[in-house]
Every structure is written in C-alpha cells, then in structure tokens.
Amino acid sequence: MASPQKGRIGRRQFLKTSAGFGAAVGALGFGNVKALAQGKGPIILLGMHGTSGPFAGSGQFGVRGVEIALEERTYTVLGRKIEHVVRDTELKPAVAVRKAREVIEDQGARFMIGTLGSHVALALSELCQEKKVLFMVGDIGTDLLTGEKCHQYVFRWATQDWGISRSAVKPFLAKLGIKSMSTITSDFAWGQSLLKATSSLLEEAKVKHLGNAMAPLGETNFTPHLLKARSARSACSGSATSS
C-alpha cells in the first residue's frame, strides 16, 4: 500500500483518531485530573502504530490522525504539554510489547493509543493492565479486547465482530440465495473472531459451510485457497482478511 502524503488523511480515519484522543482527555477523569494538572513536564502519549508491514498505510494514517487532533489542541491538556512518542509495532506482539515497555518505564508514559492487528492489541492490553496505562483502541476488531480479556485500562470504540459479520453476511446470503459456502480467513485474532461469527450466521441460515482456509497475515496470493474452495464445489467463497 502506498504511503499517505503528509497532511492528507481520510475523513473516516481522522474522525476515529480524533474521537480516540477526545476519549483520552475524558478518561483523565479517572480521579487523576488534579494530579495531572499539578504534575510537571509533558504528558507522554505513546502511539503504538503499525507503520511497517501489511497495514503500514493505515498505521501511517493513524500517526497523522493523532497529530492532527493534538495540533487542534495545541498539544496541551490541563495546562500541560503533550508529547506524542511514536513506536512501530512491526505488527509483531513481542516487538510491540518490548518497545511499549521501554517508553512506559523509561519515559513514564501513562497513556497509549493505537494499534493495528488484534494479536498486537491483545498483547499490549496485557502490558497496559500490568503497568496501569490507559489504552485507547480504535480500529481493532476482536471482541476479546473488551469482552473476555477486558479490564479497566482499555477503551475500544470499534464495531463489534458480530455486528460486522451480520451486516455483511446476512444481506450477502439473502441476495445470492446460496446453499453452500467456503471461507478464507486471515490467521490472527480478529480473523478468527469473524470466522466464529460467520460460521454461526451460516448455520442460522442453513447454508452449508464446506470449509475454511487460514491464510497467513499479509497474504497476497489467494489462488490456492480459491482453487480449494472450487474443488469443494462451493457456491461461493467469502473472506475476512482485514485488521
């Protein structure tokens, strides 16, 4: 994906990121507003963005979105300057946790925003719970983050997996009137969550699920998976291969 031009960002991405920062300011009301206002030095906002790898374009837009939101507020909240410290997760949980831990422990970051890749977000969420750092999540799909693995330091505003699956699968099935279907899924947390929801919807609609192919994250050649679906005589093939 091409890198975004400096100063250009999609309206949808901008609104998401700006809303996230607004939530961050609101979340300062944890009972720590007075302490933050009286503190010294800049407030460190740790931006964990996947600026390389399969989601690099979206990651770079995320960085710019946070910067636009901060510029609107002159990089200031409660009379203190905000410093946006950006780290590339490389879309790898271990790398992301190591980099985030360094900034939290060395620079005293108490707020984190990002990220891309549900598997990365789940790992960072555990770190934030351990370090009592507020984690603001925008684009992450997996419901595990605010479901089974939810805690008081994570705030997520993405659409729930069930809502995403239902809004796509139900009209699709109604339009085509198919009796069987194969699926292709990106092999990471969000893809697995969507597969679970989609399988349930297929069962509800009495559509036979002929099988699923797990594609590595970042896969660009889906020909083998499509050929497999065709050999199973599937009426169609659906995929869940985003973030």
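Reading the values: the criteria
Residue indices begin from 1 for each chain and proceed along its sequence in written order. Given that this is a predicted model, residues contribute local features only at a pLDDT of at least 70 and side-chain atom pairs are listed and counted only at 80 or more, while totals for whole chains, interfaces and linings are drawn from all residues. Heavy atoms throughout the structure, all of them, feed into the side-chain values; hydrogens and water do not. Here, axes are lines fitted to C-alpha atoms. For helices the fit covers the stretch in contact, and angles between N-to-C directions go from 0 to 180 degrees. The helix count covers DSSP runs of H or I at least four residues long, the strand count covers runs of E at least two residues long, and both are numbered beginning at the N terminus. Here is the rule for angles: anything less than 35 degrees is roughly parallel, anything more than 145 is roughly antiparallel, 65 through 115 is roughly perpendicular, and the remaining ranges are oblique. Left-handed describes a crossing whose near helix is turned anticlockwise from the far helix by less than a right angle; the clockwise case is right-handed. Note on contacts: a residue pair qualifies if any of its non-hydrogen atoms lie within 4.5 Å across the two residues. Side-chain classes follow a simple rule in which Ala, Val, Leu, Ile, Met, Phe, Trp, Tyr, Cys and Pro form the nonpolar group, Asp, Glu, Lys and Arg form the charged group, and the remainder, Gly included, forms the polar group. Here's how the labels work: a residue is buried when its accessible area is under 20% of the maximum for its type, exposed when over 50%, partly exposed in between, all with a 1.4 Å probe on protein chains only.

Colleague: Tell me about the packing of helix α6 (residues 161-176) against helix α7 (residues 189-204), and name the residues and values.
Modeller: One can describe the packing of α6 onto α7 by two numbers: an axis separation of 9 Å at closest approach and a directional angle of 45 degrees. The angle between α6 and α7 falls in the class oblique. The handedness of the crossing between α6 and α7 comes out as right-handed. Within the contact between the two elements, α6 uses Asp 161, Trp 162, Ile 164, Ser 165, Arg 166, Val 169, Lys 170 and Leu 173 and α7 uses Trp 190, Ser 193, Leu 194, Ala 197, Thr 198, Ser 200, Leu 201, Leu 202 and Glu 204. Partitioned by chemical class, the residues of the contact of α6 with α7 number nine nonpolar, four polar and four charged.

Colleague: How would you explain the side chain of Thr 198 if you had to name every residue and give the values?
Modeller: Looking at the element boundaries, Thr 198 is found in helix α7. For Thr 198, a relative accessible area of 12% puts it in the buried group. Here Thr 198 is in contact with Ser 165, Val 169 and Thr 183, once residues within four sequence places are set aside.

Colleague: Describe the environment of Leu 91, listing the residues and the values that go with them.
Modeller: Within the secondary structure, Leu 91 sits in the loop between β3 (80-88) and α4 (93-107). Residue Leu 91 is classed as buried on the basis of its relative accessible area, which comes to 8%. Along the primary structure Leu 91 and Ser 118 are separated by 27 residues, whereas in three dimensions their C-alpha atoms are 9.4 Å apart. Among all residues touching Leu 91, those that are not within four sequence positions of it are Pro 54, Phe 55, Leu 116, Gly 117, His 119, Val 120 and Leu 217.

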